[in-house]
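# Analysis of the macromolecular model
Listed here are the chains, written in short residue letters.
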Amino acid sequence: LVLHTAALLGRQFDWRLLPQATGLPADTVAAALEHGMRVQLLAMDDGTFRFRHMLTREAVTAGLLPPRRVALAARALAALEAAQPGLPGAAGDLAAELAIQAGEPGRAGVLLTESGRSALGRGALATAASALRHAADLLTDPHLRAEAETLLVEALALAGQVDEAMRIGDRLIAQLTPGGTDAIRRAGIHLKLAHAAVDGTRWTTARRHIGIVRDLLAAAPEPGLAAQAAVLDAEVAVASDEPGRARVLADWTAAAVFRRDVAELS
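Presented here is a report on the structure given in the accompanying data block. Remember, it's a predicted structure, so these values are computed and weren't measured experimentally.

Looking now at the overall build of the chain. Scanning the chain for helices and strands turns up 14 helices and three strands. A burial count over the chain gives 41% of its 266 residues as buried. Within the chain, residue pairs in contact and separated by at least 24 positions form 53% of the contacts whose partners lie at least 6 positions apart. Summed over its atoms, the accessible surface of the chain is roughly 13600 Å², and 58% of this surface lies on carbon and sulfur atoms.

Okay, structure coming up:
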């Protein structure tokens, strides 16, 4: 039981999770780990246990029948969440893997979305894109899937993967209804696509998306998005050798930011 649960926690695992995850006393867990060391299944480096080979870990998990795997993964997930509230960093990825093993793909998708959001905030774009792609594949709820894919568009845009960002972004936009609360979401996605186009020096495409953002915000004003659109428009103007227009846009953006800051202080 101890080694099976440890294998679900990864090749390298936190032994401190095992008593709660297995429901066994700490002494029993320690004895099982010592046995794993004696029979050369486990090794220990600086107080951290690991399976000696990835194939060893895979062989241990392969011996689990589905009902037992689901039950052990659910308990391991609960232990992980109790030990690391908020599931920071790699804990979020492990939690998502455990949720999949526990037969909860929707929960895994939500966990991967949060993991991708965190990676995006850290600037780990490849990690973010990988997590968010996986999340979108797992999620069946249309709103949750759209949230994951919106973040994925941003990660791809920042990583310079323009074609994939455009493809996913266009599909997302097509799924949103015109007007209403979706107008701001549509504007935000178009803005991300404009950003991707600017980074990819696709000036015509960038202008098109910026124009759509302006049209959407005319009906549903959102100062923050309008300022971002003006900054991107200024970048396009500079690239298109339109210094006068770029200066006007820069002045407008500075004035808009000033008005926003004054409003927030009032």
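Sheet architecture is open: three strands sit in the order S1-S3-S2, paired in antiparallel fashion. Each edge of the open sheet is held by one strand with a lone partner, namely strand S1 (12–13) and strand S2 (42–45). In terms of strand pairing, S1 meets strand S3 (residues 48–51) through two bridges, oriented antiparallel. Across the sheet, residue Phe 13 finds its bridge partner in S3, namely Phe 49.

For His 209, the location among the structural elements is in helix H12 (residues 203–219). You can call His 209 buried: its relative accessible area is 0%.

Right, let's get into the packing of H12 against helix H13 (residues 223–239). Put simply, H12 and H13 touch, their axes get as near as 10 Å, and they point 150° apart. Between H12 and H13, the interaxial angle falls into the category roughly antiparallel. When the axes of H12 and H13 are compared, the crossing they make is left-handed. Taking contact as the criterion, the partners of Trp 203, Ala 206, Arg 207, Ile 210, Val 213, Arg 214 and Leu 217 in H12 are, on H13, Leu 225, Ala 226, Ala 229, Ala 230, Leu 232, Asp 233, Val 236 and Ala 239. Considering only residue class, the contact of H12 with H13 consists of 12 nonpolar, no polar and three charged.

What counts as what
Residues numbered from 1 in each chain as written. Predicted model: local features only at pLDDT ≥ 70, side-chain atom pairs only at ≥ 80, totals over all residues. Heavy atoms only, no water. Helix = DSSP H or I, 4+ residues; strand = E, 2+ residues; numbered from the N terminus. Buried < 20%, exposed > 50% of the residue type's maximum accessible area, 1.4 Å probe, protein only. Contact = heavy atoms within 4.5 Å. Areas by Shrake-Rupley, 256 points an atom, 1.4 Å probe, with all protein chains shown as cover. Pairing = 2+ DSSP bridges. Axes fitted to C-alpha atoms, helices over the stretch in contact; angles between N-to-C directions. Parallel < 35°, antiparallel > 145°, perpendicular 65-115°, else oblique. Left-handed = near helix turned anticlockwise from the far one by under 90°. Nonpolar A, V, L, I, M, F, W, Y, C, P; charged D, E, K, R; others polar.

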